[in-house]
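# Understanding the architecture of this molecule
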Amino acid sequence: MSTAIALRGITKTYGDQIVLQQLDLEVAAGSVLALLGPNGAGKTTTIGILSTLVAPDSGTATVCGHDVVREPDAVRRVISVTGQSSAVDGVLTGRENLRMMGRLGGLGRRGARARADELLERFSLDEAGDKRVAAYSGGMRRKLDLAISLIGTPPVVFLDEPTTGLDTRSRQSLWDEIRTLADAGTTVLLTTQYLEEADRLADRIAVLEHGAIVADGTAAELKARVGSEVLALLGADDEPMLEVPTDGTLAGLRAALAALPADATGSVALRSPSLDDVFLAVTGSPATRELVDQKG
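None of the values given here were measured: they were computed from a predicted structure. (Residues numbered from 1 in each chain as written. Predicted model: local features only at pLDDT ≥ 70, side-chain atom pairs only at ≥ 80, totals over all residues. Heavy atoms only, no water.)

The pairing of strand S9 (residues 204–209) with strand S10 (residues 212–217) spans 5 bridges and is classified as antiparallel. From the neighbouring strand, Leu208 faces S10, where its bridge partner is Ile213. Linkage of S9 to S10, two consecutive antiparallel strands, is achieved through a turn of 2 residues, within which His210 is found at a positive phi near 50°. (Pairing = 2+ DSSP bridges. Helix = DSSP H or I, 4+ residues; strand = E, 2+ residues; numbered from the N terminus.)

Printed below as a string of structure tokens:
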């Protein structure tokens, strides 16, 4: 499988703050990569560099073989970007927004009309197409944002926290559209704070902390690094008070039980690891991260 996105030794600083440090990352063509990380980890800066909006201090980055510094125009022709905030014009209708962006993207009048109608139907916005966007819900605006980014059917799409602020129904609807996009062969790099989103959508997940990748793999691979089971100490309301990863062996279970406080009360339960466990482990203390790395 060919590589659609590649970063090699990318470094970016703002004054004394190191945002990205020697970042290496690859995304296979036609796949979905989810970039996770706490606030300030460098996710949005990574998207900014790949979309030619931010210049790296050192290193190289390519999109579809085009260097983001030496060939910015070529990069812009093969990408689309949906940011964290809505970029649609609230005064115009959804249809007018799409037609306008189609014309700006080089489509003729007839082509822009046809493409707008096609995208409104695809994103289930056809009934709202002639309403002003100011009257749209948050979920409808995000759908329109994504539809606008697909006006020119780009081979690479960057989605910077595309479902932030959406309700569960709208989020799941947008997930379906992103998965359909990837299944059609588009390469998708998305940043997200929703671990379930990464679990549902991504072929591969990279966890970013302090500007460096601290974990990289499929969801199953990352969960296996934490352990095959998690022992949870439950309180009176069955809410976990303390959780300890274990490898699933009898010796591992004994060690996990021994790690519980001697005066602990309540009950215990075993569950499979989640991406939450991975995130907390690899973005935690250096000692915890070293333990996880040894398991991997």
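Text resumes after the structure shown.
Spatially, S12-S11-S13 is the arrangement adopted by the 3 strands of the open sheet, whose pairing is antiparallel. Strands with a single pairing partner mark the edges of an open sheet, and in this sheet they are strand S12 (240–246) and strand S13 (267–271). Strand-to-strand twist across the sheet, computed as the mean angle between neighbouring axes with direction ignored, equals 25°. In the sheet, strand S11 (residues 229–234) pairs with S13 via 5 bridges, with the strands oriented antiparallel. By the bridge assignment, Ala232 is partnered in S13 with Ala269. Lying on the sheet, helix H9 (residues 250–258) is in contact with S11, S12 and S13; it crosses S12 at an angle near 145°. (Axes fitted to C-alpha atoms, helices over the stretch in contact; angles between N-to-C directions. Contact = heavy atoms within 4.5 Å.)

Further remarks concern the nonpolar core. Ranked by internal contacts, the top residues of the largest apolar core, which has 43 residues, are Leu98, Leu144, Ile205 and Val207. The element that contributes the greatest number of residues to this core is helix H6 (residues 168–183), accounting for 5 residues. Those residues in contact with Leu144 that sit more than four places away from it in its chain are Val88, Gly94, Asn97, Leu98, Leu125, Val133 and Tyr136. The next biggest cluster of nonpolar side chains, apart from the first, holds 26 residues, and it includes Ile10, Leu35, Val63 and Leu208. (Core = buried A, V, L, I, M, F, W, Y, C linked by side-chain atoms within 4.5 Å. Buried < 20%, exposed > 50% of the residue type's maximum accessible area, 1.4 Å probe, protein only.)

Direction vectors running N to C along helix H5 (residues 138–149) and H6 enclose 15°, while the axes themselves pass 9 Å from each other. As summarised for this structure, H5 and H6 are arranged roughly parallel, according to the angle between their axes. Here the hand of the crossing between H5 and H6 comes out right-handed. Contact residues: Gly139, Arg142, Lys143 and Leu146 in H5; Ser170, Ser173, Leu174, Glu177 and Ile178 in H6. In terms of residue class, the contact of H5 with H6 is built from 3 nonpolar, 3 polar and 3 charged. (Parallel < 35°, antiparallel > 145°, perpendicular 65-115°, else oblique. Left-handed = near helix turned anticlockwise from the far one by under 90°. Nonpolar A, V, L, I, M, F, W, Y, C, P; charged D, E, K, R; others polar.)

This paragraph deals with the confidence of the model for the protein chain. Predicted coordinates in regions of low pLDDT should not be interpreted in detail. Per-residue pLDDT for the protein chain averages 85, and the proportion of residues at 70 or more is 93%. Here residues 285–296 is modelled with pLDDT under 50, and outside its nearest four sequence neighbours on either side it reaches 16 contacts, counting other chains as well. (pLDDT = per-residue confidence, 0-100.)

The next subject is the sheet that holds strand S5 (residues 66–67). Strand pairing in a sheet is mediated by backbone hydrogen bonds. Such pairs are either parallel or antiparallel. One open sheet holds the 4 strands; their spatial order is S2-S1-S4-S5, and the pairing between them is antiparallel. Of all the strands in the sheet, just strand S2 (17–28) and S5 have a single pairing partner and so form its edges. Here 2 bridges tie strand S4 (residues 58–63) to S5, and the two strands are oriented antiparallel to one another. Directly across from Val63, in S5, lies its bridge partner His66. The strands touched by helix H1 (residues 43–50) within the sheet are strand S1 (3–14), S2 and S4, with S1 carrying the most contacts at an inclination of about 115°.

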